[in-house]
Amino acid sequence: MDIRLVNLTKIFADKQAEVRAVDDFDVHIPSGKLIGLLGPSGCGKSTTLYMIAGLLQPTEGQIFFGDDDVTNLPPEERGIGLVFQNYALYPHMTVRQNIMFPLENLNVPKKEALERAQKMADLVGIGDLMNRKPKQLSGGQQQRVAIARALVKEPRVLLLDEPLSNLDARLRLQTREEIKRIQRETGITTIFVTHDQEEAMSISDEIIVMDRGEEQQIGKPQDVYNNPNNEFVAKFLGTPPIAIFNGQIKDGNVLIGDEVIGQVSGLKDQQVNIGIRPEGYVVKNDGALTLDVKIVEHIGRDISLVVYNENVVNKTFRAIVDSDINVKEGQLIKADVKPNKCYIFEKETGKRLL
Ligand SMILES: Nc1ncnc2c1ncn2[C@@H]1O[C@H](COP(=O)(O)OP(=O)(O)O)[C@@H](O)[C@H]1O
Ligand SMILES: [Mg+2]
């Protein structure tokens, strides 16, 4: 089931102020995929998800599931399964009763409900815990119960709002792989909300990057990483993060300070922001950029450097270079910039120029 959001807008208004939590969102979510809805806290992810779920009414715009306009349908008629960050299980019920609960309202016969609950529990890997109460389970197991409960109605769409945020690091990794597997096995169109770029990049077929209520970019994680639309997207994706240099375009040259790091055509002379990914440096004696190495960390195959450069917005940044390079703390080294790891942004708007 594909999903289309058409000019979707949510304005929260009270006497003092108006918040455009979701602003003119226009996206197509392809059928059968796992889509990561990614952005910083407060950017409108949950609001978007709850409008798709029917828990919040949009101020403007429409929501389609396939050809069905579901904008005015109540949640229970949309065919969605919803999972929250805090599991929201019924504490006095067993795992089995929790998973079966949605089927009671649908008057599914007891025998069939038991079978469907067991099937879903097996799918999410908790089939042998059916008689336990939620407090007898780990966080990861509780979240699996919540996912089984969301899936037992055989929804058209699965909506997950930061489902891993309450789990510790190891369980978070394990559970996210499980969610990916479950999504693959069921083929259910899934929207996975997270503020964690690494989580979104690793789990999603496509990501939608959001900021301040607006869609910034949609695409395959690697494509968005390699080809960001703007400075916000470039900065939001990637660890270590991209370094942003104050630079300029002058007579077709790209300059950082006095150093020419490349050539461009078709851009007028102007001040720009230049983004360089940490893996974007080639250390060589006649390199264009001077890097003042403060810290050297050997991380297996690579070396991670903390580097000072006065033209970097944050003054220091991280560069990842090959481990066969001989570099010491306190040393000045020269490096060229890989063109495909370097982006030029308009100073005022952050729009990508090149
Ligand atoms: N019920 C509400 N009333 C007023 N403002 C709200 C309400 N819910 C969310 N907001 C505001 O809308 C914006 C988006 O919130 P939300 O969708 O929860 O962000 P996210 O899930 O990305 O962290 C925030 O500025 C938030 O404060
Ligand atoms: Mg949220």
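All figures in this text were calculated on a predicted structure; none of them were measured in a lab.

Caption draft 1: Spotlight on the domain arrangement of the protein. Domain annotation for the protein reports domain 1 (3–236) and domain 2 (243–346). Each of domain 1 and domain 2 has a C-alpha centre, and these two points are 39 Å apart. With seven residues of domain 1 in contact, the opposing surface of domain 2 contributes seven residues. When domain 1 packs against domain 2, the two sides together hide about 680 Å² of surface, and 48% of this comes from carbon and sulfur. Ranking the residues of domain 1 by area buried against domain 2 places Tyr 225, Glu 231 and Ala 234 at the top, with a combined share of 69%. If you look at where domain 1 meets domain 2, you find zero salt bridges. In this assembly, domain 1 and domain 2 are joined by five residue pairs in polar contact (both at pLDDT 80 or more). In terms of residues, the side of domain 1 that touches domain 2 owes the most to one element, helix 8 (residues 231–236), which gives three residues.

Caption draft 2: A look at the packing of helix 2 (residues 95–105) against helix 3 (residues 110–123). Put simply, helix 2 and helix 3 touch, their axes get as near as 9 Å, and they point 120° apart. Here helix 2 lies oblique to helix 3, going by the angle between them. The handedness of the crossing between helix 2 and helix 3 comes out as right-handed. Together, Arg 96, Ile 99, Met 100 and Leu 103 of helix 2 and Lys 110, Ala 113, Leu 114, Arg 116, Ala 117 and Ala 121 of helix 3 make up the contact between the two elements. Grouping the constituent residues of the contact of helix 2 with helix 3 by class yields seven nonpolar, no polar and three charged.

Caption draft 3: Expanded view of the pattern of salt bridges. Enumeration over the complete set of coordinates arrives at 15 salt bridges. Put simply, Arg 144 and Glu 178 hold a salt bridge, and the shortest N to O gap is 3.2 Å. Here Arg 144 is found in helix 4 (residues 139–151), whereas its partner Glu 178 is found in helix 5 (residues 169–186), with 34 residues between them in sequence. As far as burial versus exposure is concerned, Arg 144 and Glu 178 are alike and both buried. The network of salt bridges with shared partners includes Arg 144, Glu 178, Arg 181 and Glu 185.

Cut-offs used in this document
- The numbers attached to residues start from 1 for each chain and follow its sequence in the written order.
- Chain letters and ligand numbers both follow the written order, the letters beginning at A and the numbers at 1.
- Under the rules for a predicted model, residues below a pLDDT of 70 receive no local features and side-chain atom pairs below 80 are neither given nor counted, while totals for whole chains, interfaces and linings still include all residues.
- The basis for every side-chain value is the complete set of non-hydrogen atoms in the structure, without hydrogens or water.
- The domain limits used here are those given by an automatic or database domain assignment.
- Residues count as neighbours in contact if any of their non-hydrogen atoms are within 4.5 Å of one another.
- Here the quantity called buried area is the total loss of accessible area, with a 1.4 Å probe, experienced by two parts when brought into contact, counted for both.
- Salt bridges are defined by distance alone: a side-chain nitrogen of Lys or Arg within 4 Å of a carboxyl oxygen of Asp or Glu.
- Polar contact is defined as a pair of N or O atoms within 3.5 Å, subject to the rule that within protein one atom must be able to donate a hydrogen and the other to accept it, and that residues adjacent in sequence are counted only when both atoms are side-chain atoms.
- Strands here mean DSSP runs of E at least two residues long; helices mean DSSP runs of H or I at least four residues long; both are numbered from the N terminus.
- Here an angle of 0 to 180 degrees is reported between the N-to-C directions of two axes, which are lines fitted to C-alpha atoms, with helices fitted over the stretch in contact.
- Under this scheme an angle from 65 to 115 degrees is roughly perpendicular, one under 35 degrees roughly parallel, and one over 145 degrees roughly antiparallel; angles in between are oblique.
- Two helices that cross are described as forming a left-handed crossing if the nearer one is turned anticlockwise from the farther one by less than a right angle, and a right-handed crossing if clockwise.
- Residues are grouped as follows: nonpolar covers Ala, Val, Leu, Ile, Met, Phe, Trp, Tyr, Cys and Pro; charged covers Asp, Glu, Lys and Arg; every other residue, Gly included, is treated as polar.
- Remark: exposure states derive from per-residue accessible area (1.4 Å probe, protein chains only) relative to the maximum for the residue type, with buried under 20%, exposed over 50%, and partly exposed in between.

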